[in-house]
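Spelled out from the first residue to the last, the chains are:
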Amino acid sequence: MVKVTALAAHTPEAVRAALAARGWDPQPARFAASGVLALVVLLDDITEAEREGLVRWAAKAGADVLTGEGWALVGAAASRLAPLARPDRLPAGLERLAPELGRFLATYAEPPRGWDIAGRRVTLDHPVLIGIVNVTPDSFSDGGRFTTLDRAIAQAERLASDGCELLDVGGESTRPGAAPVSDADEIARVAPVIEQLARRGLGPVSVDTRKAAVARAALAAGAAVVNDVSGLSFDPALARVVGDAGAGLIVMHTRGTPDTMDSLAVYRHVAAEVAAELGEAAARAEAGPVARERIVVDPGFGFAKTPEQNFRLLDELATIVGLGYPVAVGPSRKRFLGAATGRPVEDRDRATAVACALAWERGARLFRVHDAALAGEALRVAGATTSAP
């Protein structure tokens with residue numbers, strides 16, 4: 001009697017493990033497993049002729065296609081989609097599809113394995129924790145707790161001992177309704193802390209800022225990364241500062257300013273729109289010029305998004321991963337976690353850890369958190385499910 005065994009289909013790991021257990025070498029098993037996993041891709045801005053061509057191709061290839069005016073949704077195993085990315089095998093009339101599909105499939109099969117920052121490379125074969133060091137009086141979670149140099153250094157030491165590989169120092173709150181801070185005041189808050197962290201070998205260090213002048217001062221003080229929550233929309237000069245310094249860059253999605261962002265949380269399809277806007281931000285960075293291998297993207301949980309939109313974005317995080325850059329997430333203690341759990345801001349670290357684990361499974365590799373010990377433990381469990389035996 002033939003034995004039938006169901007294999008999990010939400011990641012390639014079950015197929016890879018089955019092949020490895022039956023004698024396949026690790027590398028071919030990994031690529032083959034990625035090839036048989038079902039993918040669904042949304043193609044926008046296609047012509048009527050291209051839409052009809054896709055329907056004809058799908059009928060022959062055994063793919064599923066749902067279409068409407070100007071768009072098509074294609075579902076098939078990655079290996080069946082591959083011919084659409086090859087000009088030599090592409091059906092006539094579908095030539096415009098090949099470049100972007102090829103980029104997407106290449107990234108899907110071989111996601112970024114590292115992130116280049118000033119002075120080193122951060123490997124991404126495991127969850128990378130980014131510890132939050134807020135030296136602000138008014139941050140939503142821990143404002144005022146680490147405003148002195150000694151307290152900020154002590155917090156950084158705790159985060160590093162709990163497993164943080166990057167320390168993110170911020171001197172301006174970007175919570176909804178937060179008041180802006182002058183360049184001089186922000187520099188006075190962050191530069192001494194960054195200098196001390198660099199001097200003590202704690203880090204590498206990131207500066208959480210939207211401003212070119214602050215980034216320049218922070219990099220001079222020893223920062224290796226700039227984390228821009230505005231996605232380069234606040235200060236166009238910031239990309240040049242990062243590019244000239246050879247630093248790493250995190251570009252985060254938001255809309256508007258802290259005063260206006262809640263009113264701009266209007267989306268038809270939140271994951272697709274966030275991905276498109278993040279892609280534009282990353283393109284601005286590359287034009288900056290910041291080298292592609294130095295860029296990380298962050299979907300911006302809690303910024304210009306309702307609780308429902310945040311959870312939809314978390315579930316559909318693969319859409320952001322599909323941009324081809326390493327993905328960082330910062331769900332830590334955010335309001336949407338409180339909406340789901342009913343917990344106040346100071347009691348959301350467990351929910352944060354769960355959100356980080358879910359994000360890892362969906363392709364995120366960097367995690368910005370307040371409580372590194374709890375998040376790290378959850379991520380070690382999540383990471384263990386995707387580690388080859």
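As shown above, the structure is provided for reference.
Sequence order sets the numbering: in each chain, residues are counted from 1 along the sequence as written. With the structure being a predicted model, the display of local features is reserved for residues of pLDDT at least 70 and the display and counting of side-chain atom pairs for 80 or more, all residues being used for whole-chain, interface and lining totals. Note that water and hydrogens are dropped before the side-chain values are worked out from all heavy atoms of the structure.

A. Representation of the sheet that holds strand β12 (residues 328-329) in the model. The strand order across the open sheet built from eight strands is β11-β10-β9-β8-β7-β6-β13-β12, with neighbouring strands paired in parallel fashion. The open sheet is flanked by β11 (295-298) and β12, the only strands paired with a single partner. DSSP bridges decide pairing: two strands pair if at least two such bridges lie between them. Strands are runs of DSSP state E lasting at least 2 residues, helices are runs of H or I lasting at least 4, and numbering of each runs from the N terminus. Note that strand β9 (residues 225-228) and strand β10 (residues 248-252) share four bridges and pair parallel. Residue pairing in the sheet places Asn227 in a bridge with Ile250 of β10. In what follows, a contact means two residues having at least one pair of non-hydrogen atoms within 4.5 Å. Throughout, an axis means a line fitted to C-alpha atoms (over the contacting stretch in the case of helices), and angles, computed between N-to-C directions, take values from 0 to 180 degrees. Along the sheet face, helix α15 (residues 372-384) touches β6 (128-134), β7 (164-170) and β13 (366-369) and points at about 165 degrees away from the line of β6.

B. Region of interest: helix α5 (residues 98-109). Every helix has an expected span of 1.5 Å times one less than the residues it contains. Along its twelve residues, α5 runs 16 Å from first to last C-alpha, staying within 8% of the 16 Å computed at 1.5 Å per residue. Listed in full, the buried residues belonging to α5 are Ala98, Leu101, Phe104, Leu105 and Thr107. Taken together, the buried residues of α5 touch β1 (38-44), α4 (78-81) and α12 (318-321). Think of it in three bands: with a 1.4 Å probe and only protein chains considered, a residue is buried below 20% of the maximum accessible area for its type, exposed above 50%, and partly exposed in between.

C. Region of interest: unusual backbone geometry. Of the consecutive residues Gly203 and Pro204, the connecting peptide bond is found in the cis state with omega at 15 degrees. Inspection of the secondary structure puts Pro204 in the loop between α7 (183-199) and β8 (205-208). Positive phi, close to 60 degrees, is recorded for Ala304, a residue that is not glycine. Here Ala304 falls in the buried class, since its relative accessible area comes to 0%.

D. The arrangement of a nonpolar patch on the surface in detail. Each patch groups residues whose relative accessible area exceeds 30% and which form no salt bridge, using 9 Å between like charges and 5 Å between nonpolar side chains of Val, Leu, Ile, Met, Phe, Trp and Tyr. Accessibility throughout is a Shrake-Rupley quantity obtained with a 1.4 Å probe, and a residue counts as covered only by protein chains that appear here. Here, a salt bridge means any side-chain nitrogen of Lys or Arg that lies within 4 Å of a carboxyl oxygen of Asp or Glu. Judged by side-chain polarity, Leu42, Leu66 and Trp71 come together as a nonpolar surface patch covering roughly 280 Å² of accessible area. Assignment of secondary structure puts Leu42 in strand β1.

E. Structural view of helix α1 (residues 13-21). For α1, the full list of buried residues reads Val15, Arg16 and Ala18. The arc that holds the buried residues of α1, viewed along the axis, is 160 degrees, so those residues lie on one side. Gly23 sits one or two residues past α1 and shows a positive phi near 100 degrees. Regarding the arc, it is the one traced by the directions from the helix axis to the C-beta atoms.

F. Local environment of the nonpolar core. Counting residues in hydrophobic clusters, the biggest one holds 74 residues, and the most contacted among them are Val169, Ile194, Leu197, Ile320 and Phe367. If we ignore the near neighbours within four places in the chain, the residues touching Ile320 are Ala271, Val274, Ala275, Leu278, Val297, Pro299, Leu313 and Val327. Only buried residues count toward a nonpolar core, which is a set of Ala, Val, Leu, Ile, Met, Phe, Trp, Tyr and Cys residues joined through side-chain atoms within 4.5 Å. By size, the runner-up hydrophobic cluster in this structure holds 23 residues, among which are Val41, Ala63, Ala78 and Leu101.

G. Fine view of the packing of helix α10 (residues 270-287) against helix α11 (residues 307-315). Viewed as axis vectors pointing N to C, α10 and α11 meet at an angle of 75 degrees, and their least axial separation amounts to 9 Å. Taken together, the axes of α10 and α11 are roughly perpendicular relative to one another. On the side of α10, the interface is formed by Val270, Ala271 and Val274, while α11 contributes Gln309, Arg312 and Leu313. Only Asp, Glu, Lys and Arg are considered charged in this grouping, and only Ala, Val, Leu, Ile, Met, Phe, Trp, Tyr, Cys and Pro are considered nonpolar; every other residue, Gly among them, is considered polar. Of the residues in the contact of α10 with α11, the class split is four nonpolar, one polar and one charged. Roughly parallel covers angles under 35 degrees, roughly antiparallel covers those over 145, roughly perpendicular covers 65 to 115, and oblique covers all other angles.

H. Seen up close, the pattern of salt bridges. Using the criterion set out here, one finds 27 salt bridges in the structure. Note that Asp208 and Arg368 form a salt bridge whose closest N and O atoms lie 3.1 Å from each other. Taken as a pair, Asp208 in strand β8 and Arg368 in strand β13 lie far apart in primary sequence, 160 residues in all. Of the residues examined, Asp208 reaches a relative accessible area of 8% and is grouped as buried.

I. Up close: the packing of aromatic side chains. Each Phe, Tyr or Trp ring (for Trp, its six-membered ring) is paired with any other whose centre lies within 6.5 Å, and the angle between the two planes then decides the class: stacked below 30 degrees, edge-to-face above 60, tilted in between. In this structure the tally under the stated criterion is three aromatic pairs. With centroids separated by 5.0 Å and ring planes inclined at 75 degrees, the aromatic side chains of Phe311 and Phe336 adopt a geometry described as edge-to-face. On the criterion of sequence distance, the pair formed by Phe311 in helix α11 and Phe336 in helix α13 (residues 335-341) is long-range, its members being 25 residues apart. Over the face of the ring belonging to Phe31 we find Arg30, whose NZ or CZ atom lies 4.9 Å from the ring centre. Its end group placed over the ring of Tyr325, Arg292 keeps NZ or CZ at 4.0 Å from the ring centre. Placement of a charge over a ring requires the Lys NZ or Arg CZ to be within 6 Å of the ring centre, with the centre-to-atom vector within 35 degrees of the ring normal.

J. Summary view of the state of the cysteines. Here, the term disulfide refers to a pair of cysteine sulfur atoms separated by no more than 2.5 Å. All chains considered together, the criterion is met by zero disulfides. Free of any disulfide, Cys356 has its nearest cysteine sulfur in Cys164, 11 Å distant.

K. View of the environment of Glu277. Within the fold, Glu277 resides in helix α10. Sequence separation of Glu277 and Glu293 is 16 residues, and the distance between their C-alpha atoms is 19 Å. If we ignore the near neighbours within four places in the chain, the residues touching Glu277 are His253 and Arg255.

L. Region of the structure containing the sheet that holds β1. The strand order across the open sheet formed by three strands is β1-β3-β2, and the pairing between neighbours is antiparallel. Each end of this open sheet is capped by a strand with a single partner; those strands are β1 and β2 (64-68). Between one strand axis and the next, the sheet turns by 10 degrees as a mean value, whatever way the strands run.

M. Inspection of the packing of helix α8 (residues 212-221) against helix α9 (residues 238-245) at higher detail. Where α8 contacts α9, the axes come no closer than 8 Å and their chain directions differ by 20 degrees. Relative to α9, α8 is oriented roughly parallel. Every pair of crossing elements has a handedness; the one defined by α8 and α9 is right-handed. Residues Ala212, Ala215, Arg216 and Leu219 of α8 form the contact with α9, whose participating residues are Leu238, Val241 and Ala245. In the contact of α8 with α9, the residues fall into six nonpolar, no polar and one charged. Note: crossing handedness is left-handed where the near helix turns anticlockwise from the far helix by less than a right angle, and right-handed where it turns clockwise.

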